[in-house]
Amino acid sequence: MHQQVKSGERLLVHGGTSGIGITALTLAKGLGIETFATVGNEEKADVIRQLGGTPINYKTENFAEVLKQQGGVDAVLDLVGASYFQGNIDSLRQNGRLFLIGFMSGNIAENVDLLTIALKRIHITGSTMRSRTKLEKAEITQSLRNELWEKLGNGEIGKPIIHQVFDFKDVAKAHIEMDKGTHIGKVMLDFTLLTLLNQ
């Protein structure tokens, strides 16, 4: 994302308080990118403000309408999928970029205005780490190390937000917590005991 969204541009992140969302917002702020994020309640909206972004409550506001009134965005990072596709297109400025990385609402988008995509010259990119080769994953890792590692290390970009840590034996409980959709930040598994047992 950091190679395709530049300082001074505007980015919309869906699922702003998810682990991916918080990471994207934190990195964007460190790179001088203005951010917006969709959230479902005021507690999550406060977190977005603390991260330097502008929250949009998708339960009470139409994010596309809000952004169109504010001049649109240059890029959208979307992990929701089908139900947000047209709204994403409507939110983007000329030469906008849509990054599809998740499909929580499905992967088949219907009634999409293709003419708008063409007229705005929108670039749509899909990405998932699962399908990448080991070499591609290594290149991504090296790119992050070269361009962002120092900023992470010196605190320039901020720290991760951990919602809750579960013992590795409680993986089912961790999934239940994630499925609630109320978490802010990462839900993590602690493998400390497992590591000690295997030594």
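Right above here is the structure, for reference.
Bear in mind the structure is a predicted one, so any value in this text is a computation, not a measurement. Residue positions are given per chain, counted from 1 along the sequence in the order it is written. Side-chain atom pairs in this predicted model are given and counted only at pLDDT of 80 or more, local residue features only at pLDDT of at least 70, and totals for whole chains, interfaces and linings cover all residues. To obtain the side-chain values, all non-hydrogen atoms of the structure were used and water was disregarded.

What follows covers the packing of aromatic side chains. For Phe, Tyr and Trp, where Trp contributes only its six-membered ring, two rings pair if their centres lie within 6.5 Å, and the inter-plane angle classes them as stacked under 30 degrees, edge-to-face over 60, or tilted in between. Summed over all chains, the structure comprises 1 aromatic pair. Aromatic side chains Phe63 and Tyr84 sit 4.9 Å apart centroid to centroid with 50° between the ring planes, which places their arrangement in the tilted category. Of the two residues, Phe63 is situated in helix α3 (residues 63-69) and Tyr84 in the loop between β4 (73-78) and α4 (85-91); the sequence distance between them amounts to 21 residues. In this structure Phe63 comes out as buried when scored by relative accessible area, which is 6%. We count a stretch as a helix when DSSP gives it H or I for four or more residues in a row; a strand needs E for two or more, and each element gets its number in order from the N terminus. Per-residue accessibility, obtained with a 1.4 Å probe over protein chains only, is compared with the maximum for each type, and a residue is labelled buried under 20%, exposed over 50%, and partly exposed between these values.

When you line up the elements, Leu51 lands in the loop between α2 (42-50) and β3 (54-57). A relative accessible area of 14% places Leu51 in the buried class. For the pair Leu51 and Ala28, spaced 23 residues apart in sequence, the C-alpha to C-alpha distance is 9.9 Å. Contact partners of Leu51, with chain neighbours within four places excluded, come to Ile22, Leu25, Thr26 and Lys29. The contact rule is simple, with two residues in contact once any of their heavy atoms fall within 4.5 Å.

Put simply, a nonpolar core is a bunch of buried Ala, Val, Leu, Ile, Met, Phe, Trp, Tyr and Cys residues held in one set by side-chain atoms that sit within 4.5 Å of each other. With 19 residues, the main nonpolar core has Leu12, Phe63, Leu67, Val73 and Leu98 as its most contacted residues. Of all elements in the fold, only α3, β4, α4 and β5 (92-100) reach the threshold of two or more residues within this core. Sorting elements by how many residues they give to this core places α3 first, with 4 residues. Judged by nonpolar contacts, the second largest core, of 18 residues, contains Leu11, Leu25, Val39 and Val47.

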